[in-house]
Amino acid sequence: MIIRNNPVRQPLTSGTESTAARPAAPTARNVVKDSFSSGTAAAQRTGAVTGAPPGDHGKLMSEYLTGARPPPADFEQVMGYKPYAIQTKHGQRMQDPLGYASVPGKIGPDKEFDPAAKTHDYGYDLLRYYDRKGTPLKPEARKAADAQFRQDMFDYANDQKGAMAKFKFRAWAQIYATAVELNSRVQGYGPP
């Protein structure tokens, strides 16, 4: 069922009506008060939006994912979790404790690539965080998160013993990385 409302029509005015006929501007008593602390307007209790740091957002993302830069101060409050660090053979990585390799049909070695996926999920949550704050990161940030994901999966594959194991994990790393990179391109390298 489709419902169509008639458009609202504003009365035509000549611009000569008196200012007394116009509605009054909102007064201080119309300000929404915070019900948890008397006398404070809700807008006054909202903290200033912290913008994305200027500069190379690809480098910024890499610093976040490797732990060279701590998470934003209010990341846990905004995103609902606190990222944690793990040490790999190839360096420190920051992780989303709730993240996982979201592979359609659970095909391939999703458990083996889980650490890489948790770091990648943290990267995407950083994109969402800055978007929620009103200062989205540049496309280079998402490209850097995807590049780190690719590198971490290929590092895992290359660390395997035996030619067949290396071949198997390299093939899956290529499939997973390509799928992620194509999805990023489709989404315009913005927040997912």
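Residues numbered from 1 in each chain as written. Predicted model: local features only at pLDDT ≥ 70, side-chain atom pairs only at ≥ 80, totals over all residues. Heavy atoms only, no water.

Regarding the pattern of salt bridges
Reasoning step 1: Scanning the entire structure with this criterion turns up 8 salt bridges.
Reasoning step 2: The salt bridge partner of Lys89 is Asp159, with a shortest N-O separation of 3.8 Å. Of the two residues, Lys89 is situated in the loop between strand 1 (84-88) and strand 2 (91-95) and Asp159 in the loop between helix 5 (139-158) and helix 6 (163-186); the sequence distance between them amounts to 70 residues.
Reasoning step 3: The class of Lys89 is exposed, set by a relative accessible area of 68%.
Reasoning step 4: With a shortest N-O distance of 2.6 Å, Asp125 and Arg128 are connected by a salt bridge. In this pair, Asp125 and Arg128 both sit in helix 4 (residues 114-132), 3 residues apart, roughly one turn of the helix.
Reasoning step 5: Its relative accessible area of 27% is what places Arg128 among the partly exposed residues.
Reasoning step 6: Each of Lys59, Glu63 and Arg69 takes part in a single network of salt bridges with overlapping partners. (Salt bridge = Lys/Arg side-chain N within 4 Å of Asp/Glu carboxyl O. Helix = DSSP H or I, 4+ residues; strand = E, 2+ residues; numbered from the N terminus. Buried < 20%, exposed > 50% of the residue type's maximum accessible area, 1.4 Å probe, protein only.)

Comments concerning the packing of aromatic side chains
Reasoning step 1: Per the counting criterion, the structure on display carries 10 aromatic pairs.
Reasoning step 2: Ring centres of Phe113 and Tyr176 lie 5.5 Å apart, and the angle between their planes is 75 degrees; this geometry places the pair in the edge-to-face category. With Phe113 in the loop between strand 2 and helix 4 and Tyr176 in helix 6, this pair connects stretches of sequence that are 63 residues apart. Like Tyr176, Phe113 is buried.
Reasoning step 3: Relative to Phe169, the ring of Tyr156 has its centre 5.2 Å away and its plane inclined at 85 degrees; by these criteria the two rings are edge-to-face. Of this pair, Tyr156 sits in helix 5 while Phe169 sits in helix 6, and the two are 13 residues apart along the sequence.
Reasoning step 4: By relative accessible area, Tyr156 is classed as partly exposed at 28%.
Reasoning step 5: The ring of Tyr64 is capped by Arg69, whose NZ or CZ atom sits 5.9 Å from the centre of that ring.
Reasoning step 6: Lys143 extends its terminal NZ or CZ atom over the ring of Tyr189, reaching a point 4.7 Å from the ring centre. (Phe/Tyr/Trp six-rings, centres within 6.5 Å; stacked < 30°, edge-to-face > 60°. Lys NZ or Arg CZ within 6 Å of the ring centre and 35° of its normal.)

Don't take any of this as a statement about function, it's just geometry.
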